[in-house]
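# Residue-level structural notes
The lines below spell out each chain.
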Amino acid sequence: LDMLFDVSQPIKLGKYTINDFKPYKGKLDIKGIIVKSSNIGAAKIAKKIGKKNQIEYFKKFGFFNEIDLELEETQKPLPPNHWKTIETMTIGYGHGFAITPLHLCQAYAAIVNGGFKVKPTLLKRNYQNVSDRIINSSTSDQIKNLLRSVILETKYTGPNARIEGYDLGGKTGTAEQLINGHYSSDSNLASFISVFPISEPKYVVLAMVMDPKKIKE
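Cut-offs and rules
- Residues numbered from 1 in each chain as written.
- Predicted model: local features only at pLDDT ≥ 70, side-chain atom pairs only at ≥ 80, totals over all residues.
- Heavy atoms only, no water.
- Helix = DSSP H or I, 4+ residues; strand = E, 2+ residues; numbered from the N terminus.
- Buried < 20%, exposed > 50% of the residue type's maximum accessible area, 1.4 Å probe, protein only.
- Salt bridge = Lys/Arg side-chain N within 4 Å of Asp/Glu carboxyl O.
- Pairing = 2+ DSSP bridges.
- Axes fitted to C-alpha atoms, helices over the stretch in contact; angles between N-to-C directions.
- Contact = heavy atoms within 4.5 Å.
- Phe/Tyr/Trp six-rings, centres within 6.5 Å; stacked < 30°, edge-to-face > 60°.
- Lys NZ or Arg CZ within 6 Å of the ring centre and 35° of its normal.
- Core = buried A, V, L, I, M, F, W, Y, C linked by side-chain atoms within 4.5 Å.

Turning our eyes to something else, we now look at unusual backbone geometry. Working note: non-glycine residues mostly have negative phi, and peptide bonds are mostly trans. Omega for the peptide link from Phe-196 to Pro-197 comes to -15°, which places this bond in the cis form. Within the secondary structure, Pro-197 is located in the loop between strand 8 (182–196) and strand 9 (203–210). In this structure, Ser-37 is a non-glycine residue whose phi angle is positive, near 55°. Positive phi, normally seen in glycine, also occurs at Asp-211, with a value near 50°. Along the chain, Asp-211 falls in the segment after strand 9. The class for Asp-211 is partly exposed, based on a relative accessible area of 29%.

With that out of the way, let us pick up the pattern of salt bridges. Under the criterion given, the structure shown has 5 salt bridges. The partner of Lys-60 in a salt bridge is Glu-56, and the shortest N-O contact between them spans 3.4 Å. Of this pair, Lys-60 and Glu-56 both sit in helix 3 (residues 51–61), 4 residues apart, roughly one helical turn. Note that Asp-211 is salt-bridged to Lys-213, the shortest N-O span being 3.4 Å.

Spatially, 3 strands are ordered 7-8-9 in an open sheet, and the strand pairing comes out antiparallel. Looking at which strands have only one partner, the edges of the open sheet turn out to be strand 7 (169–179) and strand 9. Ignoring strand direction, the axes of neighbouring strands in this sheet form an average angle of 20°. Across the sheet, helix 5 (residues 101–112) lies against strand 7, strand 8 and strand 9, angled at about 145° from strand 9, the strand it touches most. Across the sheet, helix 6 (residues 137–153) touches strand 7 and strand 8, and the angle it forms with strand 7 is around 85°.

Taken as a whole and judged by the stated rule, the model has 10 aromatic pairs. With centroids separated by 5.1 Å and ring planes inclined at 70°, the aromatic side chains of Phe-58 and Phe-63 adopt a geometry described as edge-to-face. Taken as a pair, Phe-58 and Phe-63 share a single burial class, namely buried. Taken together through their ring pairs, the aromatic side chains of Phe-58, Phe-61, Phe-63, Phe-64, Trp-83 and Phe-97 make up a single cluster. Here the guanidinium or amino end of Lys-60 rests over the ring plane of Tyr-57, the centre of that ring lying 4.7 Å away.

The next point concerns the environment of Val-112. Along the chain, Val-112 turns up in helix 5. Considering only alpha carbons, one finds Val-112 and Ser-199, 87 residues apart in sequence, at a separation of 9.1 Å. If we skip the residues at most four places from it in the chain, Val-112 touches Ser-140, Lys-144, Leu-147, Val-195 and Pro-201.

Membership of the largest hydrophobic core comes to 18 residues, with the highest contact counts inside it found for Phe-58, Phe-61, Phe-63, Trp-83 and Phe-97. The greatest single-element share of this core, amounting to 5 residues, is contributed by helix 5. Once residues within four sequence positions are removed from consideration, Phe-58 is found in contact with Phe-63, Phe-64, Trp-83, Ile-91 and Phe-97. Core analysis: the second largest hydrophobic core is formed by 15 residues, Val-7, Tyr-24, Ile-33 and Met-89 among them.

A word on the environment of Lys-44. As for its position among the elements, Lys-44 is in helix 2 (residues 39–49). Relative accessible area serves as the criterion here: at 28%, Lys-44 is assigned to the partly exposed category. Spatially, the C-alpha atom of Lys-44 lies 8.7 Å from that of Asp-6, the residues being 38 residues apart in sequence. Residues within four places of Lys-44 in sequence aside, it is in contact with Phe-5, Asp-6 and Ile-11.

In this structure, strand 7 lies alongside strand 8, joined through 11 bridges in antiparallel fashion. Across the sheet, Lys-171 pairs through a bridge with Ile-193, a residue of strand 8. Hairpin connection of strand 7 to strand 8: 2 residues between the antiparallel strands, including Asn-180 at a positive phi of 55°.

It is worth spelling out helix 2 at this point. For helix 2, the full list of buried residues reads Ile-40, Gly-41, Ala-42, Ala-43, Ile-45 and Ala-46. Within two residues after helix 2, Gly-50 carries a phi angle of roughly 90°, on the positive side.

Now the structure itself:
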């Protein structure tokens, strides 16, 4: 968690450039990269982790398989056709690998429940429907603290998601929408995934807004 990554300059790989929406000076630690949503920092973390480990954990989280649900309307994720260094880095901040909302919720459930993969169901159950361990419990605790920091330490997310009586943790997401086969810089999908109570998680809530626009109020 105390590793530092220089996020002061855009990353250029061939014809591609990785920027942050808001430039940051100097270096950020892991918490700073998560709280500030630094694409540059996340890309550098992903490069250090490497393609092999990235793919291994995506397989453990189920990102290569369709989720077995009680409904037929499920979808298999869409990995990149070519998985080189640039894909490894952009996937680090969520660009270039498409998953369904249910896949995202399934992954977050595993991340915060101590590290066990959860089998989603639409049926009410009286037991924790878990299977394989993906990450160890200490890693899960560390990530829960990071998700809590997003609520407590961000300038924009925190005040809106900091609700008295609710021990929330969560993460924002902003993705350019795919229009006619190309990513549009003018149309975004904004999301926020939250977990509560973050100290002993029971619920995951994912909210998404398609192409949000500011209003005067």
